[in-house]
Amino acid sequence: MRMQAMPSSVKAQTPFKNLEISAISQKAVETGRNNALNLWVMGAPIDQVLCALVSAIESACDDLHCSIMLMNADGKSMCALVGPSLPEFFLNAIDGLDIGPSVGSCGASAYSGKPVVAADIHTHPYWEPFRELCQQANLRACWSYPILATDGKVLGTFGMYYSTVREPSEQDLELIRTEASIAALIIEKMQASEQLSQAKTALEKQVQQRNRELDKSNKQLRQALEQRYEVQQHLLEIENLASMGSMMSSLTHEVNTPIGVAVTAASHLQTQLQKSRLLFEQNQLTRSALKAFYDESAEAMLIIERNLQRSAELVSTFKQLSLDQHNQQPRTFNLSSYVCEILLSLKPKLKNYKLQFCLELDPDLEILSHPGALSQILINLIMNSAMHAFEPGQAGHISVAVQIQDNHLELRYQDDGKGMTSETLSHIFEPFFTSAKQRGGSGLGLHICKDLVEKILHGSIRCQSAPGQGCQFVVRFPLI
C-alpha cells in the first residue's frame, strides 16, 4: 500500500516507538469489533456502534486517540461522528470541516480518497491552520485513512491521534486499514438501512397521502353518484309530470264525449218534460202523449246513465295510471287492458303521428308486477319511436308482443322505422344521448327505461337494429 509522500520537514525529530500489539491487546481489539458488530445487529445507533469499535482500539494501544468523521450529504464537508477520548472542544472545532487537498489529515484524506500521515502536526503544512488547536488538545501526530464504500465512494475518515511525534509501522498501517474497512462495512450497511427506512417511511407517507386522496376521490365520487341519482329522480319526476299532463289532456278529450252526450240527453229530457207539463196544464195531455213522454224519458235516462258511467270509468283509469307512475309498488293487473289504457293516455302526444299499433296480448293475462314502471317503459319506447324512427308525416307500425317463459315475462317491442347505425346503437342507453334535439329530444327516455328495467323490475333490456330495418327492444323480467 502506498502512502501519500511527506515533505522532508515532517520527519520525526525525536525517537519514537512503533505501535506493538500484544496478544492481550489483539484480543481486546477483536472483542471491540465483535461488540460493535453485535450492537449493529441489535439496531443500535451508528455513533454507539462505531464508538464501541474505536474504544476497543484505544484501550489496546497506549497514547492513542481515535476519531471517525462522516461525510455530509453535500459531499464537501464532514462531521465529527465519534471520538471518545478526544477533547470535546477539539471535536466541536473540527465538526463541519470542509474537505480539501491540504485541510489537515482527515480533510485531505477525504478529498483524495487516500491515506494521509502527519507524523508531526507542528511542522506539517496541512495542519498549519489547526496548530494552536492541536497544542491545546495535546495532539502531535495524526494518521488518517479514508473510509471507502464498495463502489469507491468516500464515506468518511478513520483518524488516529498521538501526543508525540510518530510515524506508522507496517503493523500500524494494517491496523488502521482493517479498522477503516470494518467501519466502512458498518457505515455503508447502516446508511443503506437508514436510506431503506427513510424510503419506507416516505413510501408509507406517500401511500397514506394516496389513501387520503383516494378517500377524498371516493367521497367525491359518492357525492357525484348521489347527485346523479337525485338528478335522475328529478328528471324521472319531470317525465312523470309530463306524462301526467298528457294524461290530463287525454282525460279531458275522452271524458268530453260521454259527458257531452249525457248533457244533450238531459237537455232533450228537459224539453220533453216542459212539453208534457204544458199539455197537462192545458188539459190536453193524452194517454198516447204521456206514454211517448215516458218512453223518451226512459231512453234519455239510459243514455245519461251509460255515458256518465263511461266518464267515471275513464276518470278511474287515468287516476290509476297516475298513481302507478308515482308509486312503484307491485299489484295485480290485466296486462292487455293496461297497455290499452297507456295508449289511450298517449293520444294527445301521438295525434300528429301516423302510427298504427298491433298488440299481440292475451286479453285474460293478469300479472303481479310493477305497472308504473311498465307504463313508463312503454311510454318512453313509443315516444322514442315517434321522435326518432320516422320522418315527420311518415306512416309507421308499432307492435307489442308478450309471452311468459319460466315465470319471466318477455315483452318484444318493434317498429318498422329507419333503424339505427351500430355507432348510435352503442350509445342509446347513455343519459342525454339523442339524435333529435331539434325536435325536443332530451336523451333521457331510454336511459330511464334501462334504469326502470334493471332497478325496479330486476330484469334486462336489449336492442337490435340496423339502418332501414327498424328497431326491436326485448324487455325480460321475472314475475313476482
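Remember, it's a predicted structure, so these values are computed and weren't measured experimentally. (Residues numbered from 1 in each chain as written. Predicted model: local features only at pLDDT ≥ 70, side-chain atom pairs only at ≥ 80, totals over all residues. Heavy atoms only, no water.)

### Things to note about the overall build of the protein
To be explicit about the condition: Starting at the N terminus, helices and strands are each numbered in turn, a helix being any DSSP run of H or I of at least four residues and a strand any DSSP run of E of at least two. Buried residues are those whose accessible area, probed at 1.4 Å on protein chains only, stays under 20% of the maximum for their type, while exposed residues exceed 50% and partly exposed ones sit between those limits. By definition in these notes, contact holds between two residues if any of their heavy atoms fall within 4.5 Å. Per-residue and other accessible areas follow the Shrake-Rupley method at a 1.4 Å probe size, with only the shown protein chains counted as cover for residues.
Tallying secondary structure elements over the protein gives 12 helices and 13 strands in all. For the protein, the residues scored as buried account for 41% of the 480 residues in total. Expressed as a percentage of contacts within the protein between residues at least 6 apart in sequence, the contacts between residues at least 24 apart total 67%. When the accessible surface of the protein is split by element, carbon and sulfur atoms take 53% of a total near 26,300 Å².

### Points about the side chain of E410
The topology assignment puts E410 in strand β11 (residues 408-415). Apart from the residues lying within four places of it in its own chain, the contact partners of E410 are A401, V402, Q403, V474, V475 and R476.

### A few points about the nonpolar core
One recurring pattern in soluble globular proteins: nonpolar side chains tend to sit buried together. Here is the rule: In this text, buried Ala, Val, Leu, Ile, Met, Phe, Trp, Tyr and Cys residues form a nonpolar core when linked through side-chain atoms within 4.5 Å.
Core analysis: the largest hydrophobic core is formed by 45 residues, its most contacted members being L335, L409, L411, Y413 and F473. In terms of residue count, helix α10 (residues 371-389) provides more of this core than any other element does, 10 residues in total. With near-sequence residues (within four places) excluded, F473 lies in contact with L381, N384, L411, R412, Y413, I428, F429, L446, I461, R462 and C463. Listed in part, the 34 residues of the second largest apolar core include A36, V82, L175 and I176.

### Quick notes on the pairing of strand β1 (residues 65-71)
As a reminder, the rule being used: When DSSP finds at least two bridges between two strands, those strands are taken to pair.
Of all 7 residues that make up β1, 6 are buried, and the element is covered over most of its length. Looking at chain direction, β1 and strand β6 (residues 154-162) are connected through 6 bridges and run antiparallel. Residue pairing in the sheet places C66 in a bridge with M160 of β6. Pairing geometry for β1 and strand β2 (residues 77-82), over 4 bridges, is antiparallel. From the neighbouring strand, L70 faces β2, where its bridge partner is C79. Taking the residues that link successive antiparallel strands as the turn, the β1-β2 hairpin has 5 residues, and the phi of G75 there is positive, at about 70 degrees.

### Observations regarding the sheet that holds strand β10 (residues 395-405)
Where strands meet in a sheet, backbone hydrogen bonds hold them as pairs that are either parallel or antiparallel. The test is simple: Between the N-to-C directions of two axes lies an angle of 0 to 180 degrees, each axis being a line fitted to C-alpha atoms and, for a helix, fitted only over the stretch in contact.
Taken together, the 5 strands give an open sheet; going across it, the order is β8-β10-β11-β13-β12, and neighbouring strands pair in mixed fashion. Single-partner strands in this sheet number two, and they are β8 (354-360) and β12 (460-465). Between one strand axis and the next, the sheet turns through 15 degrees on average, direction left out of account. Where helix α8 (residues 335-345) meets the sheet, it contacts β8, β10 and β11, and its direction lies at approximately 170 degrees from that of β8.

### Comments concerning empty space enclosed by the protein
Sizing a probe to match a water molecule and rolling it over the atoms shows the empty space that remains. Selection criterion: Cavities and pockets are found on a 1 Å grid laid over the protein atoms alone: a cavity is a set of points where a 1.4 Å probe fits but cannot escape, a pocket is an open set with protein on both sides within 12 Å along at least five of seven lines, and a lining residue has an atom within 4 Å of such a point. Grid points are joined across faces, edges and corners, and a volume is the space filled by probe spheres set on the points.
Considering all chains together, one arrives at 3 cavities of 30 Å³ or more under this definition. What lines the largest cavity is M69, I94, L97, V103, G104, S105, C106, G107, W127, F130 and Y161.

### Side note on the environment of I367
Relative to the helices and strands, I367 resides in strand β9 (residues 366-369). For the pair I367 and N334, spaced 33 residues apart in sequence, the C-alpha to C-alpha distance is 6.6 Å. Those residues in contact with I367 that sit more than four places away from it in its chain are R331, T332, F333, L335, L409 and L479.

### Structural notes on the sheet that holds strand β3 (residues 97-98)
Read from one edge to the other, the open sheet built from 6 strands follows the order β3-β2-β1-β6-β5-β4, with strand pairing classed as antiparallel. Edge strands, defined here as strands with exactly one partner in the open sheet, are β3 and β4 (116-118).

### Topic: the packing of α10 against helix α12 (residues 445-456)
The test is simple: Oblique is the label for any angle not covered by the other classes, which are roughly parallel (under 35 degrees), roughly antiparallel (over 145) and roughly perpendicular (65 to 115). Note: crossing handedness is left-handed where the near helix turns anticlockwise from the far helix by less than a right angle, and right-handed where it turns clockwise. Just so you know the grouping, Ala, Val, Leu, Ile, Met, Phe, Trp, Tyr, Cys and Pro go in nonpolar, Asp, Glu, Lys and Arg go in charged, and all remaining residues, Gly too, go in polar.
Between α10 and α12, the shortest axis-to-axis distance is 9 Å and the interhelical angle comes to 155 degrees. It follows from the interaxial angle that α10 and α12 lie roughly antiparallel. For the element pair α10 and α12, the recorded crossing hand is left-handed. Of α12, the residues touching α10 (which contributes A373, Q376, I377, N380, L381 and N384) are G445, L446, I448, C449, L452, V453 and I456. Taken together, the residues of the contact of α10 with α12 sort by class into 9 nonpolar, 4 polar and no charged.

### Regarding the packing of α8 against α10
Across the interface, α8 lies against α10 with an axial gap of 10 Å and an inter-helix angle of 50 degrees. By the angle between their directions, the pair α8 and α10 is classed as oblique. As for how α8 packs across α10, the hand of that crossing is right-handed. Seen from α8, the contacting residues are L335, Y338, V339, I342 and L343; seen from α10, they are P371, G372, L374, S375, L378, I379 and I382.

Shape descriptors only; they carry no functional weight alone.
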